[in-house]
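# Structure at a glance
This is what each chain is made of:
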Amino acid sequence: MKPFTYERATSASAAAAAAADNPGAKFIAGGTNLLDLMKLQIEAPSHLIDVNGLDLDKIEPTQDGGLRIGALVRNTDLAADKRVRKDYGLLSRALLAGASGQLRNKATTAGNLLQRTRCPYFYDTNQPCNKRQPGSGCSAIGGVTRQLAVIGSSDACIATNPSDMAVAMRALDAMVETIDPAGAARRIPVADFHRLPGDTPQVETALQPGELITAVTLPKPVGGKQIYHKVRDRASYAFALISVAAVVQPDGSGRVAVGGVAHKPWRVEAAEGEMPHGAKAVAEKLLAGAKPTDENAFKLPLVERTLAAVLAEARA
Amino acid sequence: MKFDTPATTNPIDQLKVVGKGYTRIDGPMKTTGTAPYAYERHDVVDNPAYGYVLGSAIAKGKITSMDLDAAKGAPGVIIIVTADNAGKLGKGKLNTAHLLGGPAIEHYHQAVALVVAQTFEQARSAAALIRVSYQEDQGTYDLAAAKNIAPVAKDEPDAKSATSVGDFAGAFAAAPVKLDATYTTPDHSHSMMEPFASMAAWTGNKVTIWTSNQLIHSSTEDVAATLNLPNDNVRLISPFIGGGFGGKLFIRSDVILAALGARAAGQPVKVTLQRPLIPNNTTHRASTIQRIRIGALADGHITAIGHEGWSGNLPEGRPETAVMQTRLLYAGANRMTATRLATLDLPEGNAMRAPGEAPGLMALEIAMDEIADKLGMDPVQFRILNDTQVDPEKPSRPYSRRALVECLKMGADKFGWAKRGAPGKTVDGRWLVGMGMAAGFRNSMVKKSGAKVYLDGKGDITVETDMTDIGTGTYTILAQTAAEMMGVGLHQVVVRLGDSTYPVSPGSGGQFGASNSTSGVYAACLKLREAVAQKLGFKSDDTMFADGRVTSGSRSAALADAAGEVGLQAEDAIEYGDLDKKYQESTFAGHFVEAAVNSYTGEIRVRRMLAVCAAGRILNPKTARSQVIGAMTMGVGAALMEELAVDTRRGFFVNHDLAGYEVPVHADIPHQDVIFLDETDPIANPMKAKGVGELGLCGVAAAVANAVYNATGVRVRDYPITLDKYLTRLPAVA
Ligand SMILES: Cc1cc2nc3c(=O)[nH]c(=O)nc-3n(C[C@H](O)[C@H](O)[C@H](O)COP(=O)(O)OP(=O)(O)OC[C@H]3O[C@@H](n4cnc5c(N)ncnc54)[C@H](O)[C@@H]3O)c2cc1C
Ligand code: SF4
């Protein structure tokens, strides 16, 4: 860990402005991802702006019948919120499938959206990694890839986004609200928030330098059966091999987003038209163009079979 | 005391204290944080400096240059130790690779520098400023690729690397029912809770090291050999250990670097290995490839059994002896085993809980299930049919006590084995459900063990031995032994462990700790009883010790009275004759598992587990049960998730932290039951006890694997059994 300076932000706009003034600065919320990375010097901010004191920890109804979730709402509180459990069960289930109780008590909505990949080579600073050290190469390609991406990857990076929450938010068409150093607010659809790696895997989101997330909003409830099925190597406290987030309406139509397969939560709206025709039809369109490795090719049938389980559960 | 004839009735048989399920006497200290670990010994050294270990970035080659300037100038840095300034170092007998590398690099994350600074954070931050240039050599990292040129290993002291009885090839060829299958087990990491940690302080040319170590005596000698010191100049202290699983049988780089750092810094230094360094810096259980051939008659009798094992290690390293149990476990006139060892440049393979048997039974007990299936026999019946009461290689040599059949029968009965269905046929909603079983087998080794016992004026007893308690309950069973022998209550016994100035024990390993160290305390207590009788002027042969009193005929005195002003003390060791040559001494279990497999996703959930164990006298059923359920948990890990993933291009374990190396969590562990057969083994030792800590693991993973097969009808021969290995072989879903 490198020595760093620290301040407590007093307002959202002041936090964003402070970040612009300190090019090496990072925001710190729960710290459950950032601090681990700082200890390994994968992140080495020269300045930390603590946003925990900002008044961004409320869940409030929006004008159009949706919910506005403050950036600092803890994962535990979000999952337990009565409105979320009633109208956005998918989100609650996805959150509870992630990390552990202790971590969820600290983890925040914004921090969760911005958590970094779990590619093991990203974590080992002896190994080349384009995401950690742009231009150094990707050690994962040709190496141990069982957990890594099967679709949307590039020759520069085959990492996945590890968030469970983000997969549910993608299926629910959430919107990320931010404020920039100049004090301007904007709204970014979650679909456009995370990026594919391309040639710049170090650039993971649409956020500009210094831009602070203030909230995530959910549109008005979509109803249906909301199921999150996370498949992993042990029963709890592990990142997904793959996960399926689905909203299934009584007529069999619905939405589906998949985690653990790409650099971002994976959703292909065109594939959703196939939902009444079953998992195979959906998976074919959803995963068209997939380029798995020998080690992770199993993720393709796994997505299909997990989606079949989800559809069966929705019918039951 | 020499133990060379089977035990007869002795004071332990009273079972007033021994055999009772006392809660661990160190438990309250553990749960209140008053049992300090090595890294926390601020009571003995205040203000130690902190060391941080830098590991090699390559697996094989040499360091061409090291730039330490920036690190030396970083805030708080006191000194940096490297091979350049450490002086000439030797190597411990139990170490394969050097604990401080450079210029030659023998494996990934081999320690190449220790940064000593005022604070941990300063040391860590400075370590990142060291620039090391390497010349990388091409190494061999892939066991499967190296297998075909791997020679037969050198014989181990009590394990021949090639054995043959009768005509295996002929009998196998002629057998009407045959199995010839190959199984693999991956590299495993011990992943104990307490990381490796040591604190060292020098006085002149003598060093005291507070550490976390399972085998104090050999480790003390290995520290001396590495630092080129006389044994007497090294003192190791390790009273509390947060788990070891075999990883702490040896000294590791924390020990030597703490000592070198403290010497160079001129002040005490403490070092803990950071978690992501541990899997590659320390030892691991080596992966194996195992070929098993079994030939049987149509009636189920085995006529030929052959087991060949391959593993890899660094030059001079030892093999994983996965075939050894196959020499002993089942009958069969024609047999062979072979242990082959490839040279690999991966980190050092070495002992992990039940070395040999744990991976060996993972393969053998699937093979037994497979051939039972081919024979159309129930796997429990098949094992019972092929039971042997003698060493099958040497039929004149009986087992001291072998109750495997009883374990299997009782287990089948209690588990409801009769309800097991045909493979793939039991359905519970979206789950396919199956039952599996395996035999458990682990030898019981005899080792010399010493202890000193003191009686004081209050009638209290103190026991000292360099034995260790790695969380197993050693403190408690040694206290029970002394209390039984001296006729006092458990609360009147104090046990002191883990100090190299105490009498030598075999330490905690190979499940030999409990039986031998309690026998050592037994021996010392016999001597103390004699001293007491003599002091009181009683005849020693009819003197009784009970309720704090000593009675001989019509004479009786308080035990405390014998202590006098200065107290009494006695020291002795248990030593063994050749009973273990005349008899085969082993422990046995029947493991039963019910597992459910999600018919869509292939996710596996273990539902129930039962172990029935026959291990001689159970000294404390509560601590023994804890050992067995912990081992069963580890068996679930081995079956379903544990694997160090090898990067065969760069030669290292990639998932080298506890996020990437998965071990079971609570949600993976269902209902567990343990039954101990009520038995004694008087041939084993005066306690008539054997060990359970490794028995509880041996066979478990295969029982899980067999349950998965019974659930799905799909056989997986490569551990861990993760869904990618069978998903597409499950029935199609809509
Ligand atoms: C052992 C372990 C297991 C885990 N398992 C899972 C799992 O199974 N599934 C899962 O989904 N997650 C898992 N996680 C990840 C966990 O969900 C994240 O660590 C957590 O959500 C991050 O939130 P935080 O508030 O602690 O973020 P921090 O660590 O504080 O910050 C993370 C990043 O977000 C930035 N940031 C924080 N707030 C803002 C803001 N308002 N605006 C702009 N940038 C901001 C920070 O600068 C930093 O870059 C696991 C984590 C651990 C340690
Ligand atoms: S996959 Fe991405 S994160 Fe992993 S090593 Fe390659 S570039 Fe780095």
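Since this is a predicted model, take the numbers as computed values, not measurements. (Residues numbered from 1 in each chain as written. Chains lettered and ligands numbered in written order. Predicted model: local features only at pLDDT ≥ 70, side-chain atom pairs only at ≥ 80, totals over all residues. Heavy atoms only, no water.)

Moving on, we get to empty space enclosed by the protein. Throughout the structure, instances matching the rule amount to twelve cavities of 30 Å³ or more. What the largest cavity holds in volume is close to 120 Å³. In terms of lining, the largest cavity is formed by 15 residues, of which the most central are R232 and D233 of chain A together with I604, L640 and I721 of chain B. For the lining of the largest cavity, a count of residues per class yields seven nonpolar, two polar and six charged. (1 Å grid on protein atoms, 1.4 Å probe; cavity = no way out; pocket = protein on both sides within 12 Å on 5 of 7 lines; lining within 4 Å. Points joined across faces, edges and corners; volume = space filled by probe spheres on them. Nonpolar A, V, L, I, M, F, W, Y, C, P; charged D, E, K, R; others polar.)

Once that is clear, we can look at the domain arrangement of chain B. All names here are of chain B. In terms of domain boundaries, chain B breaks down into domain 1 (2-35 + 446-579), domain 2 (39-138 + 190-281) and domain 3 (398-443 + 585-729). Relative to domain 3, the C-alpha centre of domain 1 lies at a distance of 34 Å. Counting residues at the interface gives 34 residues for domain 1 and 26 residues for domain 3. Buried area between domain 1 and domain 3, both sides added, is near 2200 Å², and the carbon and sulfur share of it is 56%. The interface formed by domain 1 and domain 3 contains two salt bridges. Our enumeration of links across domain 1 and domain 3 arrives at 15 residue pairs in polar contact (both at pLDDT 80 or more). For the side of domain 1 that touches domain 3, the secondary structure elements donating two or more residues are α12 (474-486), α13 (513-536) and β27 (568-576). Take the side of domain 1 that touches domain 3: its biggest share by element is five residues, from α13. Tallied by class, residues from the side of domain 1 that touches domain 3 come to 14 nonpolar, 17 polar and three charged. (Domains from an automatic or database assignment. Contact = heavy atoms within 4.5 Å. Buried area = accessible area lost by both parts, 1.4 Å probe. Salt bridge = Lys/Arg side-chain N within 4 Å of Asp/Glu carboxyl O. Polar contact = N/O pair within 3.5 Å; in protein donor to acceptor, adjacent residues only side chain to side chain. Helix = DSSP H or I, 4+ residues; strand = E, 2+ residues; numbered from the N terminus.)

A separate point is the confidence of the model for chain B. Residues with a pLDDT of 70 or more make up 100% of chain B, whose mean pLDDT is 97. The ipTM assigned to the predicted complex is 0.97, against a pTM of 0.98. (pLDDT = per-residue confidence, 0-100.)

Residues and elements named next belong to chain A. Per the stated rule, a full pass over the model turns up 54 salt bridges over all chains. Between E204 and R116 there is a salt bridge, with the nearest N and O atoms lying 3.1 Å from each other. Of this pair, E204 sits in the loop between α10 (190-193) and β8 (212-218) while R116 sits in the loop between α7 (109-113) and α8 (120-123), and the two are 88 residues apart along the sequence. The residues E204 and R116 share a single accessibility class, namely buried. (Buried < 20%, exposed > 50% of the residue type's maximum accessible area, 1.4 Å probe, protein only.)

All names here are of chain A. Of the two faces of strand β3 (residues 47-50), both are covered, the one formed by H47 and I49 as well as the one formed by L48 and D50. Pairing geometry for strand β1 (residues 5-8) and β3, over four bridges, is parallel. Pairing of E7 across the sheet is with I49, part of β3. One ladder, built from four bridges, connects strand β2 (residues 25-28) with β3; its direction is parallel. What sits directly across from A25, in β3, is H47. Assessed by its sense of winding, the connection that carries the chain from β2 through helix α2 (residues 34-39) to β3 is right-handed. (Pairing = 2+ DSSP bridges. Right-handed = clockwise from strand over helix to strand, strands pointing away.)

This part covers the nonpolar core. Counting 126 residues, the largest nonpolar core has V261 of chain A together with L640, I721 and Y726 of chain B as the members making the most contacts within it. Among the elements that line this core, the one with the most residues is helix α9 (residues 357-375) of chain B, at eleven residues. The contacts of I721 of chain B, once residues within four sequence positions are left out, are I604, A639, L640, A705, V708, V716 and Y726 of chain B. Core analysis: the next-biggest nonpolar cluster, separate from the first, contains 52 residues, A19, Y88, A166 and I213 of chain A among them. (Core = buried A, V, L, I, M, F, W, Y, C linked by side-chain atoms within 4.5 Å.)

Here we take up the side chain of S92 of chain A. All names here are of chain A. In this fold, S92 is placed in helix α5 (residues 89-96). For S92, a relative accessible area of 6% translates into the label buried. Separated by 2.5 Å, the side chain of S92 and the backbone oxygen of A79 make a polar contact. Among residues more than four places away in sequence, those in contact with S92 are A79, V84 and R85.

With that settled, consider the site of ligand 1. All names here are of chain A. Inspection of the region around ligand 1 gives 33 residues, with F27, G31, T32, T108 and D164 positioned closest. Note that an oxygen atom of ligand 1 is positioned 2.6 Å from one of the side-chain N or O atoms of T108. At 3.5 Å from an oxygen atom of ligand 1 is found a main-chain nitrogen or oxygen belonging to N112. Counting residues per element, the ones that place at least two in the shell around ligand 1 are β2, α2, α7 and β8. Taken together, the residues of the shell around ligand 1 break down into 16 nonpolar, eleven polar and six charged. (Near = heavy atom within 4 Å.)

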